[in-house]
Amino acid sequence: MPKRSSGSPPEKFDRTEIRFAEVTRSTRADFENLFEQHGAPKYCWCMAWRHLENREHVSNDERKRAMMALIAAGTPVGIVAHAEGKTIGWCSVAPRETYRKLSPQQDDSETGIWSIVCFYVPRALRSRGLATALLDAAIDHAFAKGARTIEAYPVDQASPSYRFMGFRDMFVARGFHEIGMAGSRRHVMRLER
């Protein structure tokens, strides 16, 4: 990855050098290694929006075991980004029914909906376009897997919380339209095929 000199803006990633892979049994070590790095969300293991009994009292190790069990069972959980032989990012994208309720207006009778609920990019790699590259790859992945609609729950850039869900402008730029709110900060947005 290109180095930057002190004080200059970070260089954007060359998207042709980024590869994306679905997290499966054969690629879960990449996901695990990314989340084991210093500063990674290993307190969550991307289980915040997934079904997990007694979630308030579950340890980090139990969250990791729950995520690894989903992967071992073949449940779609998301994609990772690779560049220069390293795993450099994550996006949680999966069928909406694999998550717990994500918004008050959610109609569980709807089918063919995939949800994008989380991004993780290590701090040293932020502001280089990786989140938008992950979003583009997540959209492609969901539609390739049969999604008819993709739903996301981003926040405004000034939001003090839920920033891991992405920023609203990033989704608007890709054609998502707002259908409501989930709480006071999260916009419920959709992209139809």
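Residues numbered from 1 in each chain as written. Predicted model: local features only at pLDDT ≥ 70, side-chain atom pairs only at ≥ 80, totals over all residues. Heavy atoms only, no water.

Peer 1: Explain the environment of Pro-104 to me, please; I cannot follow it from the model alone.
Peer 2: Note on placement: Pro-104 falls in the loop between strand S3 (86-95) and strand S4 (113-120). Through-space distance from the C-alpha of Pro-104 to that of Val-188 is 9.8 Å; in sequence the pair is 84 residues apart. When sequence neighbours within four positions are dropped, the list of residues in contact with Pro-104 reads Met-181 and Ala-182. (Helix = DSSP H or I, 4+ residues; strand = E, 2+ residues; numbered from the N terminus. Contact = heavy atoms within 4.5 Å.)

Peer 1: Please clarify how helix H1 (residues 28-36) should be interpreted in this entry.
Peer 2: Among the residues of H1, Phe-31, Leu-34 and Phe-35 are the ones counted as buried. One side of H1 carries all its buried residues, which in axial view fall inside an arc of 95 degrees. (Buried < 20%, exposed > 50% of the residue type's maximum accessible area, 1.4 Å probe, protein only. Arc of directions from axis to C-beta.)

Peer 1: Help me understand the sheet that holds strand S7 (residues 186-192) in this model?
Peer 2: Whether parallel or antiparallel, the strands of a sheet pair through hydrogen bonds between backbone atoms. The mixed open sheet is built from seven strands, whose spatial order is S1-S2-S3-S4-S5-S7-S6. The open sheet is flanked by strand S1 (19-22) and strand S6 (177-182), the only strands paired with a single partner. Between one strand axis and the next, the sheet turns by 30 degrees as a mean value, whatever way the strands run. On top of the sheet, H1 reaches strand S2 (79-83), S3 and S4; it is set at about 110 degrees to S3, its chief contact. (Pairing = 2+ DSSP bridges. Axes fitted to C-alpha atoms, helices over the stretch in contact; angles between N-to-C directions.)

Peer 1: Sorry, what's going on with the packing of H1 against helix H2 (residues 60-72) here?
Peer 2: Each pair of packed helices gets described by two things: the angle between the helix axes and the distance between those axes. At a closest axis distance of 11 Å, the pairing of H1 and H2 adopts a crossing angle of 160 degrees. Between H1 and H2, the angle is such that the two are roughly antiparallel. Judged by the sense of rotation from one axis to the other, the crossing of H1 with H2 is right-handed. When H1 is examined against H2, the residues Arg-28, Phe-31, Glu-32 and Glu-36 are found in contact with a partner set consisting of Lys-64, Met-67, Met-68, Ile-71 and Ala-72. A per-class count over the contact of H1 with H2 returns five nonpolar, no polar and four charged. (Parallel < 35°, antiparallel > 145°, perpendicular 65-115°, else oblique. Left-handed = near helix turned anticlockwise from the far one by under 90°. Nonpolar A, V, L, I, M, F, W, Y, C, P; charged D, E, K, R; others polar.)

Peer 1: So what exactly am I meant to see when it comes to the state of the cysteines here?
Peer 2: Between two cysteines, a covalent bond joining their sulfur atoms is known as a disulfide. Taken as a whole and assessed by the stated rule, the structure comprises zero disulfides. Left unpaired, Cys-44 is separated from the closest cysteine sulfur, that of Cys-46, by 5.6 Å. Owing to a relative accessible area of 16%, Cys-44 belongs among the buried residues under this scheme. There is no disulfide at Cys-46, and the cysteine sulfur nearest it, in Cys-118, is 3.9 Å away. Judged by its relative accessible area of 5%, Cys-46 falls in the buried class. (Disulfide = S-S within 2.5 Å.)

Nothing here speaks to function; it is all geometry.
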